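Tertiary structure, described
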Amino acid sequence: MKLQGTVWKYGDNIDTDGIIPARYLNVSTPEELAAHCMEDVDPEFARRVRPGDILMAGENFGCGSSREHAPLALKGAGVSCVIARTFARIFFRNAINIGLPVLMCPAAVEGTQTGQTVEVDLERGLIRNLDTGALFQAEPFPPFLMEIIRSGGLVEFVRRRLERGQ
Amino acid sequence: MGMTMAEKILAAHAGLDEVHPGQFVMARVDLVLANDITAPIAIREFYRIGVQEVWDRDRIALVPDHFTPNKDIPSARQCQVMREFARQQGIRWYFEVGRAGIEHVLLPEKGLVLPGDLVVGADSHTCTYGALGAFATGMGSTDIAVAMATGEVWLRVPESIRCVYFGELPRWVSGKDLILYTIGQIGVDGARYQVMEFTGPTLAQLSMDDRFTMANMAVEAGAKAGLFPVDAVTLKYVASRATRPYQVYSSDPDARYEQVLEYDVRSLEPQVALPHSPANVRPLSQVHGIPIDQVVIGSCTNGRWSDLQVAADLMNGQRVHPEVRCIVIPGTQELFLRAVREGLAEVFVEAGAVFSMPTCGPCLGGHLGVLAEGERCLSTTNRNFVGRMGHPKSEVYLSSPAVAAASAVLGRIASPDEIPSRRLFHFTPSPVASLLPPPLHVDFWEQERIIRF
Ligand code: SF4
């Protein structure tokens, strides 16, 4: 599975209140949430992001609350993939669970700027900066997580498991 | 090789003799939690799994606490979805507004979390229950949907960090100050993916309320859970509440820790976190005098009895500064009632503070105290991210209830020592309390406890 998009790059410790402020949590569909995505970090983001765009960030992306609204808002806004140096634990698992690809790759974050275009090969964890030609290798997923990703998220994974009577 | 208490709890719930950090396990849970924000998504995902009934209607807690009493029509709709699901599934621990409170204050109070439990909640501060020696961790709604359907979750066994506190606590230094100091030292990702195990001789001086406060904020350092060993204080707390058996786990002497951090608390000052990070922590003397517009005392971090008590002590006979709004919010209906009966409510209202029913309300900028552009709030809550309590250009400082109460009176960030002629509050029932109708909505079990305290 290959993704290609324009990069939006942000710094360290972008928290879930930054991704979707708590004041908007009285709704829960991805479309409604997308309208306020990243509002307090970058008020322009929600208006200008295009389907397929890729978000990049530094350390500890998605720290703070457990709100699944955060990856949902990003997905609703059309973000196809998040690449960060590191992720906060709950955000990471929420993203995997709802099928938003997340990759850990400090080198790619280092070597890419906002506005550049990157191509991501999810299965192989390869990230290519199409503007500079640089190629980066993301940290591979443990097999257990790869199974959830291949199923298309946790709900599908569990549904299949229940059907098999496990 | 020995195991930590966290590893032992996970091994027991995964049906294994031992587990190691990094291992992925499927584990059986004791309790699953969601609230009015996270339950609607969990319920939507629950039905997508293709099951019709929850795994165990006695092991799921649903608490409307964030935007309740319903603050607007979309919030009302979210609560309605949760309420209908609870009724239809026969969920035993659905707590209706008026019989509820902030989830992480409420569930331990009701005896629903016990030592040795594995608890998952669709709320990051689920880690609060680590104070009871339970492995409790926050997850997203989809994880919670799966847990409601199957009683199981997937977990990566985390490494543990041991935080050792020694020395006697100085006056006005509470659990809140210890955890703020610790987060200030290690940073917001200092314990990312890991367990913080709180230990050391100072713990003996910490009440259950202080421990809940500390475990609550473990997630602010990125931790998956924050665990306290079970001791006499814990056992006393659960003795009158537990309605099912539980198991006490403790770490082996040769358990492996990723890091051991030692803190000498003897010369610690009260701590304050500055905008916009819970790790941006300074000793009180360095931020002293900063003017404030609002004070909030409450939340799942500091909305418990001893928090209200210390605030009432300091505000008794005082007035909230003319240029400050002070909002006091007890964590649960039980605490609210007790505050009314024992005269604390009167102290707050006479001082010119708002005394509100239990809700998360202002903590997440939801309602009942949202900040305007440029306003500054000193709050006993746990997060001060940009926009957390309102306008993105408002500021939130975090402190203990003692510092918050003193600051409310003085109109600037202040030390409790500055409150003149403080008279210790003796908690004699106020005459007002006797005029109240009998508390029909409180069951016998709760009444018994209120009297015994
Ligand atoms: S009081 Fe604040 S931190 Fe605690 S559960 Fe409510 S919103 Fe979350």
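Each chain carries its own residue numbering, running from 1 in the direction its sequence is written. Whichever chain is written first becomes A and whichever ligand is written first becomes 1, with later ones labelled in order. Note on the predicted model: pLDDT of at least 70 is required for a residue's local features to be given, and 80 or more for side-chain atom pairs to be given and counted; whole-chain, interface and lining totals, by contrast, use all residues. Each side-chain value is derived from all of the structure's non-hydrogen atoms; neither hydrogens nor water enter the calculation.

Another aspect to go through is the packing of aromatic side chains. Under the pairing criterion, centres of Phe, Tyr and Trp rings, with the six-membered ring standing for Trp, must be within 6.5 Å; the plane angle then separates stacked pairs below 30 degrees from edge-to-face pairs above 60, leaving the rest tilted. For the coordinates displayed, the defined rule picks out 22 aromatic pairs over all chains. The interplanar angle of 55 degrees and the centroid separation of 5.7 Å between the aromatic rings of A:Phe144 and B:Trp154 together place this pair among those described as tilted. One end of the pair, A:Phe144, is in helix H7 (residues 143–151); the other, B:Trp154, is in strand S7 (residues 152–156), on a second chain. Taken as a pair, A:Phe144 and B:Trp154 share a single burial class, namely buried. Each helix corresponds to a stretch of at least 4 residues labelled H or I by DSSP, and each strand to a stretch of at least 2 residues labelled E; elements are numbered beginning at the N terminus. With a 1.4 Å probe rolled over the protein chains alone, any residue whose accessible area is under 20% of its type maximum counts as buried; one over 50% counts as exposed, and the rest are partly exposed.

To continue, consider the site of the ligand. Summary of the distance rule: residues count as near a molecule or strand when at least one heavy atom falls within 4 Å of that molecule or strand. In the vicinity of the ligand lie 13 residues, with B:His125, B:Cys300, B:Cys360, B:Cys363 and B:Asn382 positioned nearest. Elements supplying a minimum of two residues to the shell around the ligand: helix H4 (103–109) and helix H10 (299–302) of chain B.

Right, let's talk about empty space enclosed by the protein for a bit. A pocket here means an open set of points on a 1 Å grid, computed over the protein atoms alone, that has protein on both sides within 12 Å along at least five of seven lines. A cavity is instead a set of points where a 1.4 Å probe fits but cannot get out; residues with an atom within 4 Å of a point line either one. Grid points are joined across faces, edges and corners, and a volume is the space filled by probe spheres set on the points. Considering all chains together, one arrives at 3 cavities of 30 Å³ or more under this definition. Here the largest cavity is characterised by a volume of approximately 250 Å³. Around the largest cavity, the lining is made up of 23 residues, and of these B:His66, B:Asp123, B:His125, B:Leu364 and B:Arg388 lie nearest the centre. Those elements that provide at least two residues to the lining of the largest cavity are H4 and H10 of chain B. When residues are grouped by polarity, Ala, Val, Leu, Ile, Met, Phe, Trp, Tyr, Cys and Pro land in nonpolar, Asp, Glu, Lys and Arg in charged, and all others, Gly among them, in polar. Classifying every residue of the lining of the largest cavity gives 8 nonpolar, 10 polar and 5 charged. Note: domain ranges come from an automatic or database domain assignment. Looking at which domains feed residues into the lining of the largest cavity, each of domain 1 (5–264) and domain 2 (274–432) of chain B gives three or more. Looking at the second largest cavity, its volume works out to about 70 Å³. Around the second largest cavity, the lining residues are A:Gly62, A:Cys63, A:Gly64, A:Ser65, A:Ala88, A:Arg89, A:Ile90, A:Phe91, B:Val219, B:Gly222 and B:Ala223. The class makeup of the residues in the lining of the second largest cavity is 6 nonpolar, 4 polar and 1 charged.

Turning our eyes to something else, we now look at the domain arrangement of chain B. All names here are of chain B. Assigned domains of chain B: these are domain 1 (5–264) and domain 2 (274–432). Here the C-alpha centre of domain 2 lies 25 Å away from the C-alpha centre of domain 1. Of the roughly 2900 Å² buried between domain 1 and domain 2 on both sides combined, carbon and sulfur atoms contribute 60%. Its largest share of buried area at the contact with domain 2, domain 1 owes to Ile102, Trp172 and Lys176, together 23% of the area lost on that side. What makes a salt bridge here is a side-chain nitrogen of Lys or Arg within 4 Å of a carboxyl oxygen of Asp or Glu, nothing more. Run the count over domain 1 and domain 2 and you get 1 salt bridge. Note: buried area is the sum, over both parts, of the accessible area (probe 1.4 Å) each one loses when the two are combined.

Moving on, we get to the sheet that holds strand S3 (residues 81–84) of chain A. Sheet strands line up and pair through hydrogen bonds in the backbone, either parallel or antiparallel. Residue and element names in this part refer to chain A. What makes two strands pair is DSSP finding at least two bridges between them. One open sheet holds the 7 strands; their spatial order is S4-S3-S2-S1-S5-S6-S7, and the pairing between them is mixed. The open sheet has two edge strands, strand S4 (102–104) and strand S7 (135–137), and neither has a second partner. For this sheet, the mean angle separating the axes of adjacent strands, direction not counted, is 30 degrees. One ladder, built from 4 bridges, connects strand S2 (residues 54–57) with S3; its direction is parallel. Directly across from Met56, in S3, lies its bridge partner Ile83. In this description, a line fitted to the C-alpha atoms serves as the axis of each element, helices being fitted only across the stretch in contact, and the angle between N-to-C directions of two axes falls anywhere from 0 to 180 degrees.

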